[in-house]
Amino acid sequence: MESNLFEADSDIVEGCILGNPRMQKALYEKFSPKMYGVCLRYAGNEDDAKDILQDSFIKIFKNISRFKAIGSFEGWIRRIVVNTAIEHFRKKNNLTAFNEITEEKKEDEAANGLDKLEAKELMAIIQSLPNGYRTVFNLYAIEGYTHKEIGEILNINEGTSKSQYARAKIWLQEKIKDHRYGE
Amino acid sequence: MESRTNEILNQKLDAFGATPPDDVWDNIEKNIQTSDALLYNIEIPPPEDSWESISAKINPPKSQHLKFGRTSNLQWLKYAAIIIVILTISTTAFNPNMRNTFINSLDNANIKASLPEKPYQLPKNVLTSDSASSHKNFTNKPDSQSKSFK
């Protein structure tokens, strides 16, 4: 899924370490669309996503000399972006208030129209999640972190991560149902 | 007993409404992981001005570097000039030969400026002739002048 450090990436990394603006732009152009997708998933709106993307790339360029070509370069970049998104919401104290969410009614019907959902539509639905739910959902369902790891990252209990993920699922289910009926 | 417990538990869960049916979530997960909607790898072009903001933060404008470079060069030139002046003055002051040359050059310049081009020469008999006669000549002058007044 993630690309290894190809020769082209190696040139870009070396150029960026030397502060070559052309290579910095090459790196940005190569990875920014995918990383902006990550930012949009974690952010509730485009302004926040843009801020996260900027902060992430500034960190990437400042710390690129620390990258060791053992693992995936894209994975290294993604981790910085995800961590920056989490920091962003920590600063805003948006990783609390999970208990304020109203409990949703059980939806008996299966979401049969899901396969018709486009990625962008699904992205929009994920963006509509409350901040805390969205973060846990992204980390668990999409990035593949365990609840234990999420608990360590967000400084919450493992059980809290699980319950928030369950609630995120309910929220998504409702939103997808609304989306389907809204068509 | 166990079935009764499960029944109560399910009723409570139904009332709580916190657990969606598994098949619903299975559909959601399938949708997330389909190739058309692979959110992990979804690519969305960032805003156009995003790179400009990043670039400005990681690479400060070159003009500032140049300005700083020019300023620092001027400062070094000033320091170098001050050091040269101090060395010249101290060397000239403490080295007798250079000091004399310097003073002579200054004196000559003043003298040359004040004196006529042809040096003035005293008459040779001024020092050798009788001083009395010269005194006489000097003292006679008022007499002659007094005579003329008469």
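The sections below set out a description of the structure shown in this document. (Residues numbered from 1 in each chain as written. Chains lettered and ligands numbered in written order. Predicted model: local features only at pLDDT ≥ 70, side-chain atom pairs only at ≥ 80, totals over all residues. Heavy atoms only, no water.)

1. A few points about the side chain of Ser-72 of chain A
The residue Ser-72 of chain A is located in the loop between α3 (46-63) and α4 (73-91) in this model. Residue Ser-72 of chain A is classed as buried on the basis of its relative accessible area, which comes to 17%. (Helix = DSSP H or I, 4+ residues; strand = E, 2+ residues; numbered from the N terminus. Buried < 20%, exposed > 50% of the residue type's maximum accessible area, 1.4 Å probe, protein only.)

2. So, the pattern of salt bridges
Evaluated as defined, the whole model comprises 6 salt bridges over all chains. Two residues, Lys-50 of chain A and Asp-49 of chain B, come together in a salt bridge whose shortest N-O distance is 2.9 Å. Taken together, the positions of Lys-50 of chain A in helix α3 and Asp-49 of chain B in the loop between α2 (22-33) and α3 (50-58) put the pair across two chains. Among the ionic pairs, Glu-87 of chain A bridges to Lys-59 of chain A, the shortest N-O distance being 2.9 Å. Here Glu-87 of chain A is found in helix α4, whereas its partner Lys-59 of chain A is found in helix α3, with 28 residues between them in sequence. With a relative accessible area of 26%, Lys-59 of chain A lands in the partly exposed category. (Salt bridge = Lys/Arg side-chain N within 4 Å of Asp/Glu carboxyl O.)

3. Section: α4 of chain A
Residues and elements named next belong to chain A. With 19 residues, α4 extends 27 Å from end C-alpha to end C-alpha; this agrees with the ideal 27 Å at 1.5 Å per step. Counting buried positions along α4 gives 14 out of 19 residues, so the element sits mostly inside the fold. For α4, the N-terminal capping position is held by Ser-72, with its side-chain oxygen 3.3 Å away from the main-chain nitrogen of Glu-74. (Expected span 1.5 Å × (residues − 1). Polar contact = N/O pair within 3.5 Å; in protein donor to acceptor, adjacent residues only side chain to side chain.)

4. Notes on the packing of aromatic side chains
Enumeration according to the criterion identifies 11 aromatic pairs over all chains in this entry. Relative to Tyr-79 of chain B, the ring of Trp-76 of chain B has its centre 6.2 Å away and its plane inclined at 80 degrees; by these criteria the two rings are edge-to-face. Of this pair, Trp-76 of chain B and Tyr-79 of chain B are both found in helix α4 (residues 62-94), 3 residues apart, which corresponds to roughly one turn of the helix. By relative accessible area, Trp-76 of chain B is classed as exposed at 61%. The exposure class assigned to Tyr-79 of chain B is partly exposed, which follows from its relative accessible area of 49%. A connected cluster of aromatic rings, assembled from ring pairs, spans Tyr-28, Phe-57 and Phe-61 of chain A together with Trp-51 of chain B. (Phe/Tyr/Trp six-rings, centres within 6.5 Å; stacked < 30°, edge-to-face > 60°.)

5. Overview of the nonpolar core
The biggest cluster of nonpolar side chains holds 58 residues, and the ones touching the most others in it are Leu-27, Phe-57, Phe-73, Ile-77 and Phe-137 of chain A. If you tally residues by element for this core, the top one is helix α2 (residues 21-42) of chain A, at 10 residues. Setting aside chain neighbours within four positions, we find Phe-57 of chain A in contact with Leu-27, Tyr-28, Phe-31, Ser-32 and Met-35 of chain A together with Ile-54 of chain B. (Core = buried A, V, L, I, M, F, W, Y, C linked by side-chain atoms within 4.5 Å. Contact = heavy atoms within 4.5 Å.)

By themselves, these observations are geometric and do not establish any function.
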